[in-house]
Amino acid sequence: MATQHSLVLGIVSGAYERLRKEDSFEAGLYVALAAAVGILVAVILYFTCYTGILKRENERLGKVLGSLKREKETLGKEKEALQKNYEILKRKNERLGKEDSSKVGFCVVVVVGILVAVILWCAYYIACFKRDIKRLTREKEDLQKNYDSLKGKNERLGKEKEDLQKQNVLGIVSGENERLGKEDSFEAGLYFAFAAAVGILLLVILYFACYTGILKRENERLGKEKKALQKNYEILKSKNERLGKGASSEEGFCVAVVGILVAVILWCAFRIARVKREIKRLIREKEDLQKNYDILKRENESLGKENEDLQKNYETLKQEKEKVEADFKELRRNTNTCVYVVDREWKPITEACVNVTLDPDTASPCLAVSEDGSRVRFTGERSAEWPSVLGREGFTSGGHYWEVEVGEKGYWVLGVSTHPHEKSIPQKPGEGYWLMRLVKGKTCKAVSQSVDQTLNLEKMCKMWGVYLDHGGGRLSFYNAETRFHIHTLEGSFPGQVYPIFSPGSHDKGPLIINTKVKNV
């Protein structure tokens, strides 16, 4: 505005210099034309600058919008690629084995959940960008409207200023004419005073008197117009100041809006870059997981093959073990071989230990049973019979173990019987007897209804262990001192069976039931 004022003042001063030489009316026209041209040039420059600024701002916003569209297309392509990868992973997951299906399913769910969350987050921020662009477009339209209204106001103010300047120039020209008129009239009076007569001088005096009244009235009118112009100038000055303040505030608002837009765009670019980095990281993690999955799959396949081989070897070894055990049992039955019983087999036997008490009511008359029921001895005359005594309690199920000390006796019988009222054992036992019999201190026989087998023992043991497996139909005999298995009788035990003891009828040595069995 200061430049425009100086330009107008320069034009006016130039016109004032021309008034000395040229006609005042033409000079006034030139001054008015020059002022109008100056104002028009200033307005054109102002609008040109403002239009350029708006054009650059529009181009920048268009570039930002284009970059956002390209970013959206890139995200769409990445989404399609991720969708394809998801389909590939889904097909691979369907081919996985039962053992890895749960782990792979969990990993796929986690990866897909993360990818879906990232895509939704990107879509949300793209929607935010679109809303911001629409808001900026609306603000741009509002600014354009404000600009058009300011442009109209400036044109109106320019016209008012032009009128005021015209009126001011005309006042200056009128004053100059008055001055020039006085000078010309003075020179003419001198010429006519020298050349004309007194009459002419009177006419000139009258003429000057009339012209002076006219000039006085004109000066009064011009003074009033000058005061009015002064008031209008003050009003225009205050309006111009208000317009300047409004323009500065609007410019400040525009700058603030542009700053906010730049900050939002930079923030969005930062978030998009962060999302890209996160997507790259997820892709790398996915590739690492895929590699690890392939490695684990190969290891799982190799482990599966090894497991199958081990299972086959286990089945083969199991069959061989069963075959060896069967052959060993058959060999033991055929050869009467004594076998040491290991701890894991001996422990459950001794845990089934019971305290067997002899029942005097079932004892033969030639036998003497101790008061505590733990000893029995032969007290009669020597004979070929096998007097016996039963245990007080019978067994109908489960496993039961007891030990009997025979010492150096040469004759005795141990076993079980289903005959609770018999007081002697027949020479050839029939149904209901499962016995181990020693004769003459060297011949040991396993006897039952279907078995009469002589055992070849290198050394006779002094403490015998008897184990009854009622449910399994087995009666086993052990060397309780060395934990060697001696022989097992097999059969079916119908109902209740009783431990049976016979000290023989050839010596007075007792049979003693051991009540302190040693566990493993």
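This text follows the structure it describes.
Residues numbered from 1 in each chain as written. Predicted model: local features only at pLDDT ≥ 70, side-chain atom pairs only at ≥ 80, totals over all residues. Heavy atoms only, no water.

Caption draft 1: Inspection of the overall build of the protein at higher detail. When helices and strands are counted, the protein shows five helices and 16 strands. Of the contacts made within the protein by residues no fewer than 6 positions apart, 69% connect residues no fewer than 24 positions apart. Summed over all atoms, the accessible surface of the protein reaches about 33,900 Å², with 58% contributed by carbon and sulfur. (Helix = DSSP H or I, 4+ residues; strand = E, 2+ residues; numbered from the N terminus. Contact = heavy atoms within 4.5 Å. Areas by Shrake-Rupley, 256 points an atom, 1.4 Å probe, with all protein chains shown as cover.)

Caption draft 2: Local environment of the pairing of strand 11 (residues 452–455). By the bridge criterion, four bridges tie strand 10 (residues 443–448) to strand 11 in an arrangement that is antiparallel. The residue of strand 11 that forms the bridge with Val-447 is Asp-452. Adjacent in sequence and paired antiparallel, strand 10 and strand 11 are bridged by three residues. (Pairing = 2+ DSSP bridges.)

Caption draft 3: Layout of the packing of aromatic side chains. Using the criterion set out here, one finds six aromatic pairs in the structure. Judged by centre distance (6.2 Å) and plane angle (50°), the ring pair of Trp-386 and Tyr-411 falls under tilted. With Trp-386 in strand 4 (residues 386–387) and Tyr-411 in the loop between strand 6 (399–405) and strand 7 (412–417), this pair connects stretches of sequence that are 25 residues apart. Using a relative accessible area of 5% as the deciding quantity, one classes Trp-386 as buried. Assessed through its relative accessible area of 13%, Tyr-411 is described here as buried. (Phe/Tyr/Trp six-rings, centres within 6.5 Å; stacked < 30°, edge-to-face > 60°. Buried < 20%, exposed > 50% of the residue type's maximum accessible area, 1.4 Å probe, protein only.)

Caption draft 4: Representation of the state of the cysteines. If you walk through the whole model with that rule in mind, you get zero disulfides. Looking at the unpaired Cys-444, the closest cysteine sulfur is the one in Cys-461, lying at 7.8 Å. The class for Cys-444 is buried, based on a relative accessible area of 0%. (Disulfide = S-S within 2.5 Å.)

Caption draft 5: The arrangement of the sheet that holds strand 16 (residues 511–514) in detail. Across the sheet, which stays open at both edges, the eight strands sit in the order 1-14-13-12-6-16-3-2 with antiparallel pairing between neighbours. Two strands lie at the open edges of the sheet, namely strand 1 (339–340) and strand 2 (367–369), each paired on one side alone. Strand direction decides the pairing type here: strand 12 (residues 463–469) and strand 13 (residues 474–479), joined by six bridges, are antiparallel. Bridging from a neighbouring strand, Val-466 pairs with Phe-477 of strand 13. Most of the contacts of helix 5 (residues 343–351) go to strand 6, to which it runs at about 85°, and overall it touches strand 6, strand 12 and strand 13. (Axes fitted to C-alpha atoms, helices over the stretch in contact; angles between N-to-C directions.)

Caption draft 6: Quick peek at the pattern of salt bridges. Taken as a whole and assessed by the stated rule, the structure comprises seven salt bridges. Between Arg-281 and Glu-285 there is a salt bridge whose closest N-O contact spans 2.4 Å. Here the residue Arg-281 and the residue Glu-285 both occupy positions in helix 4 (residues 198–335), the gap between them amounting to four residues, near one helical turn. A salt bridge links Lys-462 to Glu-408; the shortest N-O distance between them is 2.9 Å. In this pair, Lys-462 is assigned in the loop between strand 11 and strand 12 and Glu-408 in the loop between strand 6 and strand 7, connecting sequence segments 54 residues apart. With a relative accessible area of 40%, Lys-462 lands in the partly exposed category. Judged by its relative accessible area of 66%, Glu-408 is exposed. Taken together, the shared-partner salt bridges connect Glu-278, Arg-281 and Glu-285 into one network. (Salt bridge = Lys/Arg side-chain N within 4 Å of Asp/Glu carboxyl O.)

Caption draft 7: A look at a nonpolar patch on the surface. A contiguous nonpolar surface patch, about 360 Å² in accessible area, is contributed by Leu-33, Val-37, Val-41 and Leu-45. Inspection of the secondary structure puts Leu-45 in helix 2 (residues 24–94). (Patch = residues over 30% accessible without salt bridge, like charges linked within 9 Å, V, L, I, M, F, W, Y side chains within 5 Å.)

Caption draft 8: Expanded view of the pairing of strand 15 (residues 498–502). For strand 15, the tally of buried residues reaches five of five residues, placing the bulk of the element in the interior. Of the strand pairs in this sheet, strand 5 (residues 389–390) and strand 15 are connected by two bridges, and their pairing is antiparallel. Note that in strand 15 the partner of Leu-390 across the bridge is Ile-500. Alignment of strand 7 against strand 15, held across five bridges, turns out to be antiparallel. Residue pairing across strands places Ser-417 opposite Tyr-498, the latter belonging to strand 15.

Caption draft 9: Spotlight on the side chain of Asp-359. Here Asp-359 lies in the loop between helix 5 and strand 2. Relative accessible area serves as the criterion here: at 12%, Asp-359 is assigned to the buried category.

Caption draft 10: Just helix 5, in detail. Residues of helix 5 that are buried include every one of Trp-346, Ile-349 and Thr-350, and no others. Take helix 5 and look down its axis: the buried residues cluster within an arc of 90°, on one side only. Residues of helix 5 that are exposed and point more than 90 degrees away from the buried face comprise Arg-344 and Glu-351. In this fold, the buried residues of helix 5 make contact with strand 6, strand 12 and strand 13. (Arc of directions from axis to C-beta.)

Caption draft 11: Just the nonpolar core, in detail. In this structure, Trp-402, Leu-414, Trp-464 and Phe-501 are the most contacted members of the largest nonpolar core, which totals 34 residues. Apart from the residues within four sequence positions on either side, Phe-501 is in contact with Val-356, Leu-358, Pro-387, Ser-388, Val-389, Gly-391, Trp-402, Val-404, Val-413, Leu-414, Leu-511 and Ile-513. Residues Val-341, Trp-346, Ile-349 and Tyr-401 belong to the second largest nonpolar core, which totals 10 residues. (Core = buried A, V, L, I, M, F, W, Y, C linked by side-chain atoms within 4.5 Å.)

Caption draft 12: Inspection of a negative patch on the surface at higher detail. A cluster of acidic residues, Glu-315, Glu-322, Glu-325 and Glu-345, forms a negative patch on the protein surface. A per-element tally of the negative patch places helix 4 first, with three residues. Structurally, Glu-315 is set in helix 4. Residue Glu-315 is classed as partly exposed on the basis of its relative accessible area of 32%. (Lys, Arg positive; Asp, Glu negative; His and termini not counted. Charge placed at Lys NZ, Arg CZ, Asp CG, Glu CD.)

Caption draft 13: Structural detail: the sheet that holds strand 11. Strand order in the open sheet made by the six strands is 5-15-7-9-10-11, with antiparallel pairing throughout. Each edge of the open sheet is held by one strand with a lone partner, namely strand 5 and strand 11.

Caption draft 14: How the structure looks around the environment of Cys-366. Residue placement: Cys-366 occurs in the loop between helix 5 and strand 2. For the pair Cys-366 and Ser-505, spaced 139 residues apart in the sequence, the C-alpha separation amounts to 8.7 Å. Once residues lying within four places of it in the same chain are set aside, the contact partners of Cys-366 are Arg-377, Phe-378, Thr-379, Gly-380 and Pro-387.

Caption draft 15: Geometry of a positive patch on the surface. Taken together, the side chains of Lys-72, Lys-130, Lys-134 and Arg-138 present a region of like positive charge at the surface. By the element assignment, Arg-138 lies in helix 3 (residues 98–195). Judged by its relative accessible area of 48%, Arg-138 is partly exposed.

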